[in-house]
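# Architecture at a glance
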Amino acid sequence: MKTRAVWLTYSFGWLMLLGAASAAMQDPAEPANAGAWSPAPKPVVPASPPGAIPMEAVDPRLLLGTIQQLVACGTRSSLSSWTDPRRGIGCARNYLAGQFRDLARLTHRRLQVVVDSFEATSPRTANKPAHLENVYAILPGTDPALAKTVFLVSGHFDSIPSNVMDAETDAPGADDDASGTAVSLECARLLAGGRYRATLLFAALSGEEQGLLGGKRLLAYLQQNGYTVGGFLNNDIVGADFAPGAPHRVRVFSGGGPEGADSPSRELARSIEEIDGRSAIRLIFRPDRLGRGGDHLPFIAAGLPAVRFTEPLEDYHHQHQTPRVEKGIHYGDLIEFLNLSFLRNVVRDNAEVLRVLALAPAPPSEVTLSGAVSPDAKLAWSGPDDPERAGFEILWRETTDPRWSVLEFTPTAGEHVLAGISTDNYFFAVRAVGKNGARSIAVAALPKGSAARQGREQPGGN
Ligand SMILES: [Zn+2]
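Residues numbered from 1 in each chain as written. Predicted model: local features only at pLDDT ≥ 70, side-chain atom pairs only at ≥ 80, totals over all residues. Heavy atoms only, no water.

Right, let's talk about the packing of aromatic side chains for a bit. Per the stated rule, a full pass over the model turns up six aromatic pairs. Geometrically, the ring pair formed by Phe-232 and Phe-299 is tilted, given 4.3 Å between the ring centres and 35° between the ring planes. Residue Phe-232 is located in strand S5 (residues 228-235), and its partner Phe-299 is located in helix H7 (residues 297-301); the two are separated by 67 residues in the primary sequence. Of the two residues, Phe-232 and Phe-299, neither departs from the other in class, the shared state being buried. One aromatic cluster is present, built from ring pairs that chain together Trp-396, Tyr-426 and Phe-428. Looking at Lys-148, its charged tip hangs above the ring of Tyr-227, at a distance of 4.2 Å from the centre. (Phe/Tyr/Trp six-rings, centres within 6.5 Å; stacked < 30°, edge-to-face > 60°. Helix = DSSP H or I, 4+ residues; strand = E, 2+ residues; numbered from the N terminus. Buried < 20%, exposed > 50% of the residue type's maximum accessible area, 1.4 Å probe, protein only. Lys NZ or Arg CZ within 6 Å of the ring centre and 35° of its normal.)

Our focus in this paragraph is the sheet that holds strand S7 (residues 281-284). The eight strands lie next to each other as S1-S2-S4-S3-S5-S8-S6-S7, forming an open sheet whose pairing is mixed. The sheet is open, and its two borders are formed by strand S1 (112-120) and S7, each paired with just one other strand. Adjacent strand axes in the sheet meet at a mean angle of 25° when their direction is disregarded. Here strand S3 (residues 149-156) pairs with S5 via six bridges, running parallel. In the strand pairing of S5, Val-153 is matched with Leu-233. Sheet strands touched by helix H4 (residues 174-191): strand S2 (130-139), S3, strand S4 (199-205) and S5. Its angle to S3, the strand with the most contacts, is close to 140°. With respect to the sheet, helix H8 (residues 340-359) is in contact with S3, S4, S5, strand S6 (250-253), S7 and strand S8 (306-310), its orientation differing from that of S3 by roughly 165°. (Pairing = 2+ DSSP bridges. Axes fitted to C-alpha atoms, helices over the stretch in contact; angles between N-to-C directions. Contact = heavy atoms within 4.5 Å.)

It is worth spelling out the state of the cysteines at this point. Under the criterion given, the structure shown has one disulfide. Here Cys-73 connects covalently by a disulfide to Cys-91, the sulfurs 2.0 Å from one another. Taking the sign of the S-S torsion, -75° for the link of Cys-73 and Cys-91, the bridge is left-handed. Here Cys-73 is found in the loop between helix H2 (60-71) and helix H3 (89-106), whereas its partner Cys-91 is found in helix H3, with 18 residues between them in sequence. Comparing Cys-73 with Cys-91 shows no difference in burial state: the two are buried. (Disulfide = S-S within 2.5 Å.)

Let's shift gears to the nonpolar core. If you look at the biggest cluster of nonpolar residues, it comprises 69 residues, and the most contacted ones within it are Leu-200, Phe-202, Leu-233, Ile-272, Phe-309 and Leu-354. Among the elements that make up this core, the one with the highest residue count is H8 (11 residues). For Leu-233, the contacting residues outside a window of four places in its chain are Leu-152, Val-153, Ser-154, Leu-268, Ile-272, Val-307, Phe-309, Asn-350, Val-353 and Leu-354. Of all hydrophobic cores here, the second largest spans 19 residues; its members include Ala-203, Leu-222, Tyr-227 and Ile-300. (Core = buried A, V, L, I, M, F, W, Y, C linked by side-chain atoms within 4.5 Å.)

Let us look at the coordination of the zinc ion. The protein atoms that coordinate the zinc ion are His-156 (NE2), Asp-176 (OD), Asp-236 (OD) and Asp-236 (OD), at distances of 1.9 to 2.7 Å. In this structure, the zinc ion is surrounded by four donor atoms whose angles at the metal cover 52 to 145°, and the resulting shape is irregular. Mapped onto the sequence, the donors of the zinc ion take the spacing H-x19-D-x59-D. A residue pair is termed long-range when its members are at least 10 positions apart, and His-156 in strand S3 and Asp-176 in helix H4 qualify at 20 residues. (Donors = N, O, S within 2.8 Å, 3.2 Å for Na, K, Ca; no water. Tetrahedral: all angles 85-135°; square planar, octahedral: opposite > 155°, others 65-115°.)

Turning next to the pattern of salt bridges. It is possible for side chains of opposite charge to pair when their charged atoms get near one another. Evaluated as defined, the whole model comprises 23 salt bridges. Two residues, Asp-59 and Arg-61, come together in a salt bridge whose shortest N-O distance is 3.1 Å. Taking relative accessible area as the criterion, Arg-61 reaches 66% and is therefore assigned exposed. The partner of Arg-431 in a salt bridge is Glu-393, with the nearest N and O atoms 2.8 Å apart. Residue Arg-431 is located in strand S16 (residues 426-434), and its partner Glu-393 is located in strand S13 (residues 389-398); the two are separated by 38 residues in the primary sequence. In terms of burial, Arg-431 and Glu-393 fall into one category: buried. Among the charged side chains, a network of salt bridges with common partners joins Asp-236, Arg-251, Asp-288, Arg-289, Arg-292, Arg-308 and Glu-314. (Salt bridge = Lys/Arg side-chain N within 4 Å of Asp/Glu carboxyl O.)

Below, the structure written as structure tokens:
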């Protein structure tokens, strides 16, 4: 069978040049026409769907306005007042629900606003049930077969001062996480007027600082309402970029699967890098920063595609700190420490990923790899009927490589034999490709019955 490699990111022309130079160094055991460095043929389908969101569409004044309104609530401790319109987390909930409702009116109510009230208990609620509320704006998908698949963007609108149990002291939380909340709201502004095959959900969560309570609730809400999570983009601390040379790339954290296998989280991260480009995204192959967490972690634990966006370098004087000056050091999470150019890039990166993935066909299912103790790798997968799908791309990579390359395009599901390609020397995956050029996230090919496969299919995933 003819096999050729297509570099995923066509814009990286210099890699092609490098490839030509290194072709002579190819491992002799590798099929001559199947090296990842082979010259790229023309893509079979468009590289991405037309209508990319231009950077000019993102208005930094709106981002700043959102953050100012949230900071003006004084504190957004989840344990503060939910009913006082001027001070406390209820003030922030009012503002966000109001903004989403204004957008809903503009879309003639295609966008649906849900204020999801719940109770949750953790050591950080003094082990007593705390009243909490999440705000969701949901844009239903236009394709009946994909309308129960949801792509989400979130930030948490709660904040804390130095003491996590203190509901009285000022906690501006401009970066953590008014910035991420502003990303979610701005993505809604950019996308709510469009039509997408899958459903989009723009979330503002509470209770993050009290133990990821809002993220856990969001997952339960989706499961109770029968949604499949297509991808979850959690934005937490995405507003500052103080190092020289800013704006830098945003970090995208993703978790791995059992046995070091690829996971849905990792595949979502790779899709994000491919859609936004390597100059925009810095992939970090761990679920979160060391010893820290966010609202995406309950999703990763359930085997779902979820990632965290976070600024390139954090300043701990400006995080979880009561505003004050001590020995000449300014503590506090204040607006003056933000970089709106960086935040604007993060908005655009999120919105474009949501746009492309919500236009894509469903990812393939039951992707299996066989052919051990034989010269040929055999891949098999299935996919639902979909007149908008052009076909599938078989992806592969060296076991030491972080990124996929396209090995082959095929219009149909079923079993595919990769003649002369060893199962032992590569990892494989498959993704669906729309006639519009939108790709689903990849699904790694695993042997039937492997521990990694069982880990991926654990109960709780949907
Ligand atoms: Zn946070």
